[in-house]
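Close look at the chain arrangement
Residues per chain are reported as follows:
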Amino acid sequence: MDEKEKLEKQQAGRRAFLGCLGGAVAGGAVAVTAGSVLPKQALAAAATTPESPPAPAAKAYDPTKHKWAFGVDATKCIGCLRCVEACKLENEVALDAHHFRTWVERYVYLDGEDTPHVDSQADPVNIAAAGTERDYRFSNRYKDEKVDKAFFVPKLCNHCTHPACVQVCPTGATFKTEDGAVVIDHTYCIGCQYCVQACPYGARFFNPEKRVTDKCTWCYHRITKGLMPACVEVCPVSARVFGDRNDKESTISKFLADNRVEVLKPETGNAPNVFYVGIDKDVS
Amino acid sequence: MPKHIVRLLLLLAGFAIVAITVRNHVVDKSFYKIGHYRADAVAEIAQDKPKFQGSASCESCHAVQFTAWSKSIHHSTDVGKVVKCEVCHGPGGGRDPDPGYVHAATGPVHPVNLKLAVPTDSRTTCGVCHEQIAARPLQQRQVVINDHAGTQQCTLCHDAHSPQTFNGSLVATAAPGNAVAGKSKAGACAACHGAAGITNASLPGPTLAGQNQAYLAAALTAYKTGKRSNPIMTGMAATVNSADINNITSYFSSLRCETSASIAAQAAAARKAGAAMCTNCHGTNGVSTSSSWPNLAGQSKDYIAAALKSYAGGQRSNVIMTTLAKSLSEPEIDKVAAYYAGATCK
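The following refers to the structure shown. (Residues numbered from 1 in each chain as written. Chains lettered and ligands numbered in written order. Predicted model: local features only at pLDDT ≥ 70, side-chain atom pairs only at ≥ 80, totals over all residues. Heavy atoms only, no water.)

1. Regarding the nonpolar core
Counted only if it meets this: Working definition of a nonpolar core: buried Ala, Val, Leu, Ile, Met, Phe, Trp, Tyr and Cys residues. They are joined through side-chain atoms within 4.5 Å. Each residue gets one of three labels from its accessible area relative to the maximum for its type: buried under 20%, exposed over 50%, partly exposed in between, using a 1.4 Å probe on protein chains only.
Within the largest apolar cluster, 55 residues are counted, with the highest numbers of intra-cluster contacts made by Phe70(A), Val104(A), Leu156(A), Trp218(A), Tyr220(A) and Tyr276(A). Judged by nonpolar contacts, the second largest core, of 21 residues, contains Ile320(B), Leu328(B), Ile333(B) and Ala337(B).

2. Digging into helix α16 (residues 330-341) of chain B
The cut-off we apply is this: A helix here means a DSSP run of H or I that spans at least four residues, while a strand means a run of E at least two residues long, and both kinds are numbered starting from the N terminus. By this rule the span expected of a helix is its residue count minus one, scaled by 1.5 Å.
In a regular helix each residue adds 1.5 Å, so 12 residues correspond to 16 Å; α16(B) covers 16 Å between its end C-alpha atoms and thus fits that length. Within α16(B), burial applies to Ile333(B), Val336(B), Ala337(B), Tyr339(B), Tyr340(B) and Ala341(B).

3. Considerations on the sheet that holds strand β4 (residues 147-156) of chain A
Residue and element names in this part refer to chain A. What counts, and what does not: In short, DSSP must find at least two bridges between two strands for them to pair. Fitting a line to C-alpha atoms yields each axis, with helices limited to the stretch in contact; the angle taken between N-to-C directions then spans 0 to 180 degrees.
Pairing in this open sheet of three strands is antiparallel, and the strands run β3-β2-β4 from one edge to the other. With partners counted over all chains shown, the strands left at the sheet margins are β3 (117-120) and β4, one partner each. In this sheet, adjacent strand axes meet at a mean angle of 20 degrees when their direction is disregarded. Both strand β2 (residues 102-110) and β3 contribute to a ladder of four bridges, which runs antiparallel. Counted as the bridge partner of Val 108 is His 117 from β3.

4. Re a negative patch on the surface
Residue and element names in this part refer to chain A. Put simply, the rule is: Patch membership needs two things, relative accessible area over 30% and no salt bridge, and members are linked within 9 Å if like-charged or within 5 Å if nonpolar (Val, Leu, Ile, Met, Phe, Trp, Tyr). What sets the accessible areas is the Shrake-Rupley method with a 1.4 Å probe; for residues, cover comes only from the shown protein chains. By definition, a salt bridge exists where a carboxyl oxygen of Asp or Glu is found within 4 Å of a side-chain nitrogen of Lys or Arg. The convention is simple: Lys and Arg are positive, Asp and Glu are negative, and His and the chain ends are not counted. A charge is said to be at NZ when it belongs to Lys, at CZ for Arg, at CG for Asp and at CD for Glu.
On the surface, Asp 111, Glu 113, Asp 114, Asp 144, Glu 145 and Asp 148 cluster together to form a negatively charged patch. By the secondary structure assignment, Asp 111 is in the loop between β2 and β3. Classification of Asp 111 by relative accessible area gives partly exposed; the value is 44%.

5. Thoughts on the sheet that holds strand β9 (residues 240-244) of chain A
All names here are of chain A. Here is the rule: Contacts between residues were defined by any pair of non-hydrogen atoms, one from each residue, lying within 4.5 Å.
Within the open sheet, the three strands sit side by side as β9-β1-β10. Their pairing is mixed. Where the open sheet ends on each side, the last strands, each with one partner, are β9 and β10 (274-277). Sheet twist, expressed as the average angle between the axes of neighbouring strands with direction ignored, equals 20 degrees. Two elements, strand β1 (residues 68-73) and β10, share four bridges in a ladder whose sense is parallel. Opposite Phe 70, over in β10, you have Val 274 as the bridge partner. Across the face of the sheet, helix α9 (residues 251-258) comes into contact with β1, β9 and β10 while running at roughly 115 degrees to β9.

6. A look at the interface of chain A and chain B
Test applied: The term polar contact refers here to a pair of N or O atoms within 3.5 Å; inside protein, the definition further demands a hydrogen-donor-capable atom paired with an acceptor-capable atom, and it admits residues adjacent in sequence only when both atoms are side-chain atoms. Lys, Arg, Asp and Glu make up the charged group, whereas Ala, Val, Leu, Ile, Met, Phe, Trp, Tyr, Cys and Pro make up the nonpolar group; the residues left over, Gly among them, are polar.
In this complex, chain A contributes 64 residues to the contact, which on the side of chain B involves 53 residues. Linking chain A with chain B are four salt bridges, by the criterion used here. In this structure, the salt-bridge partner of Glu92(A) is Lys51(B), at a minimum N-O distance of 3.4 Å. Scanning the region where chain A abuts chain B turns up 16 residue pairs in polar contact (both at pLDDT 80 or more). Looking at the side of chain A that touches chain B, the elements with two or more residues in it are α1 (2-47), α3 (82-91), β4, β5 (174-176), β6 (182-184), α7 (220-223) and α8 (230-234) of chain A. Sorting elements by how many residues they give to the side of chain A that touches chain B places α1(A) first, with nine residues. Taken together, the residues that form the side of chain A that touches chain B break down as 35 nonpolar, 14 polar and 15 charged.

Shown next as structure tokens:
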């Protein structure tokens, strides 16, 4: 508790200090950044002229009324990778084996070994098993080994409550929406990739096609229309759940109430909103 | 005022003018409306077109498949195991083929201008979830594909939408009959099928003791209707009515025929004998996993081999057995027959 208070005081102090400093520095800082951001801002301004208003469906959605969260039950995951494929198709992520908004890791403890063998669908052996970079399979590579323990862990952006990636963004391109999703404004992103390095979970990647950073949005275009994220929609074993924590009857509220959940790397202070059941000490 | 102070003030004024100009003309109007970001971006991100449409959108055109699926084990809502249409067939809305990924709000939609895939290689499609690999949880049904199916496709036996429904009208049912009445009618059967329904090498018929009644009734009915033919059985079947069939088959089904070897040893032997794919339906110990299919325990080697050969040759016909029998060579048929013949009646 003391630790937390201390941290809050520290943060408050820093904020006040920056507030004072802000007035003096802002003018110069804005002038400096203006040069690099200018073309994109001009583009953004053009895109939001009154002639092209946002779709009415999106307007009807009230972000202040929702608090989204995600749950993963690793004991159910069968490693079929349909979530990975669905995410790629739904979000138009580059169709190669190196750019993923969500992925699945396999942890395998072989007989007599203390550290797990970890691979994901991006492992060369698994790409070879799938045949092409557009198909995703886990190869049966441990079939002749003696396996002590093994399990799959689906991973995605944790949409943290205190996201380090948002803190380091120099242009305000990545931010946390009022309903809890951490998203990227691609018209403001300058592709500096500070956020890619800041994320302790490796959830972000640089999209070489758009020249901007990309990441999981919890399928923001789906959840705001009352749909489930694509990975949740296709999961055949309900290993992934998603919902609104403001709704006590939602799947995620029940998931959080019925299970003892944990988050990845709690020591980083990011306070993730993706909650796990059935992961192990070596999962991070 | 000293010159250097004037310069400093001018410089500060210049900074202020630039800052205010940038704030008012370059920074988006919605910036800072909610926080340190462009508020309009939220609606823009939410604008993209969803590609996965959900299973409900399939029902109106594909009612038959939808109904089969919604009653099947692939729609087990109680345990959360629901394999939706788009898991195997892909999303109903496609990504725009134009490269550059700037068309998130557009793209073709099934059925107007997007044709969905019907997977043809079911070994790959089903194997995605059902191939036995390390880390897959035990509650997930999984098989070593080569042991379970040999070189066959999964859809040879399983209906893809309802995998516990088996193809080829393989489900036989029969009303239970009166075994005592059946015994009095079954006197003529003993000549070929042995007393108490157990044959030996000198008799031509298969063992009937302990056989599944539904299978026996289906076989006898098939002889009667001409679907199966055999010089002796066709004549015999013509003399019985449907009540007799139920009674006679109940009688033979009630007779005891037990297997001897232990199941684990049998399973290992089955794999060795190349009978692994037979065991899915006929069991490792020759006792079938469904009453629709015949038990093989206690059957003679010659009878099993002859049955397999007649499936391969087309004298007997069954969607699954024909394909499987054709995939076996003559020595393999002998091995399988010998394996099941080893599961003798006590």
